[in-house]
Amino acid sequence: VTSNAGGSLTVVFTDRDDSTKTATLAVNVAPKEFHQVGRVDGEVEAWTITYQSSEGSYENKSLRRTVLLGADGYGLELGNPETGTYGQRSLYDTQDRYLGYTLQSIGLSCLYDTPVAQVSYPLHVGKTWSGSATRHCLPERDVLAQEYVRTVEAYERITVPEGTHDVLRIKSNLRYAVSFPSMPDFEPFSYT
């Protein structure tokens, strides 16, 4: 017996000649483990984000990401295919942990002191992982400290405009604290 979500199964056996004689078998089924899919150099991901303002207006933004493999991990170039502008490079290590980002056009580098595990392979329903990291932006702009706890809550089917997909739903609980060393009069703040 296998199950993507895991769970339990109870089977009741009844004697054919005497229905008062039964036996029960309880089976606990482990959830399926899902493993990391390797990145491909030059692989392109495209999607559209729709923003809604507090006044109710909408803005659609088309984005494209290109995978750039390296010896220590990979980078994802984020840009706008409509304008041909690619400026932000998100950096990941070989274990798919987030290292931070760079904005090459303005020379900004925002890197974490500890890799952030946005996902933790292998994934399965019920898995929980946590961590903390501090991101420093150079030249000196802001410091963002975060703590996170993530849990794979369910295996489910969703329908989006592009089609129907089986997915793992991951819940993220995040706590951020932000400070701006270059602005000594600015009060640091935190949010959850």
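Above: the structure in question.
Residues numbered from 1 in each chain as written. Predicted model: local features only at pLDDT ≥ 70, side-chain atom pairs only at ≥ 80, totals over all residues. Heavy atoms only, no water.

### Let's talk about the overall build of the protein chain
Quick reminder of the rule: Put simply, DSSP marks the helices as runs of H or I at least four residues long and the strands as runs of E at least two long, and each gets a number from the N terminus on. Each residue is assigned to one of three classes by its accessible area relative to the maximum for its type, calculated with a 1.4 Å probe on protein chains only: buried under 20%, partly exposed between the two thresholds, exposed over 50%. Pairs of residues are marked as contacts when any of their non-hydrogen atoms sit within 4.5 Å. Computed with the Shrake-Rupley method and a 1.4 Å probe, the accessible areas treat only the protein chains shown as cover for residues.
Within the protein chain, the regular secondary structure consists of zero helices and 12 strands. What you see in the protein chain, going N to C, is helices and strands ordered as β-β-β-β-β-β-β-β-β-β-β-β. The buried share of the protein chain, reckoned over its 192 residues, is 23%. A fraction of 33% describes how many contacts in the protein chain between residues 6 or more apart in sequence connect residues 24 or more apart. For the protein chain, the exposed surface amounts to about 12,700 Å²; the carbon and sulfur share of it is 50%.

### Details of the pattern of salt bridges
Here is the rule we go by: For this document, the term salt bridge refers to a Lys or Arg side-chain nitrogen within 4 Å of an Asp or Glu carboxyl oxygen.
Enumeration over the complete set of coordinates arrives at five salt bridges. Measuring nitrogen to oxygen at the nearest pair gives 3.4 Å for the salt bridge that ties Arg 135 to Asp 142. Here the two residues Arg 135 and Asp 142 agree in accessibility, since each one is buried. A single salt-bridge network, built from bridges that share partners, covers Glu 153, Glu 156 and Arg 169.

### What about the packing of aromatic side chains?
Selection rule: Centres within 6.5 Å are what make two rings of Phe, Tyr or Trp a pair, Trp counting through its six-membered ring; a difference in plane orientation under 30 degrees is then read as stacked, over 60 as edge-to-face, and the rest as tilted. Look at NZ for Lys and CZ for Arg. If either is within 6 Å of the ring centre and within 35 degrees of the ring normal, a charge sits over the ring.
Evaluation of the coordinates by the stated rule reveals three aromatic pairs. With centroids separated by 5.8 Å and ring planes inclined at 15°, the aromatic side chains of Phe 34 and Tyr 155 adopt a geometry described as stacked. Of the two residues, Phe 34 sits in the loop between β2 (22-29) and β3 (44-52) while Tyr 155 sits in strand β10 (residues 143-160), which places them 121 residues apart along the sequence. On the basis of relative accessible area, Tyr 155 is assigned to the partly exposed category, the value being 25%. Both rings, one in Tyr 92 and one in Tyr 98, keep their centres 5.3 Å apart while their planes meet at 45°; by these two values the pair is tilted. With a relative accessible area of 12%, Tyr 98 lands in the buried category. A connected cluster of aromatic rings, assembled from ring pairs, spans Tyr 92, Tyr 98 and Tyr 112. When the ring centre of Tyr 148 is taken as reference, the NZ or CZ atom of Arg 150 above it lies at 4.6 Å.

### Observations concerning the environment of Pro 122
Turning to its location among the elements, Pro 122 is positioned in the loop between β8 (108-116) and β9 (128-138). The spacing of Pro 122 and Lys 32 is 90 residues in sequence and 9.4 Å in space, taken between C-alpha atoms. Apart from the residues lying within four places of it in its own chain, the contact partners of Pro 122 are Glu 33, Phe 34, His 35 and Lys 127.

### Comments concerning the state of the cysteines
To be explicit about the condition: Pairs of cysteine sulfur atoms within 2.5 Å are identified as disulfides in what follows.
Counted by the stated rule, this structure contains one disulfide. The residue that forms a disulfide with Cys 110 is Cys 137, at a sulfur-sulfur distance of 2.0 Å. Every disulfide takes its handedness from the sign of the S-S torsion; for Cys 110 and Cys 137 that torsion is 115°, giving right-handed. In this pair, Cys 110 is assigned in strand β8 and Cys 137 in strand β9, connecting sequence segments 27 residues apart.

### Digging into the nonpolar core
Put simply, the test is: Side-chain atoms within 4.5 Å link the members of a nonpolar core, which is a set of buried Ala, Val, Leu, Ile, Met, Phe, Trp, Tyr and Cys residues.
Counting residues in hydrophobic clusters, the biggest one holds 22 residues, and the most contacted among them are Tyr 98, Tyr 112, Val 116 and Trp 129. Looking at this core, the elements with two or more residues in it are β5 (73-80), β7 (98-103), β8, β9, β10 and β11 (163-179). Setting aside chain neighbours within four positions, we find Tyr 98 in contact with Ser 90, Leu 91, Tyr 92, Tyr 112, Pro 115, Val 116 and Gln 118.

### A look at the pairing of β8
As a reminder of what qualifies: For two strands to pair, DSSP has to find at least two bridges joining them.
Strand direction decides the pairing type here: β7 and β8, joined by five bridges, are antiparallel. Note that in β8 the partner of Gly 100 across the bridge is Leu 111. Turn length for the β7-β8 hairpin, with the two strands adjacent in sequence and antiparallel, is four residues, and the turn residue Gly 107 shows positive phi of about 70°. Relative to β9, β8 runs antiparallel, the two sharing four bridges. Looking at the pairing, Tyr 112 lines up with Arg 135 of β9.

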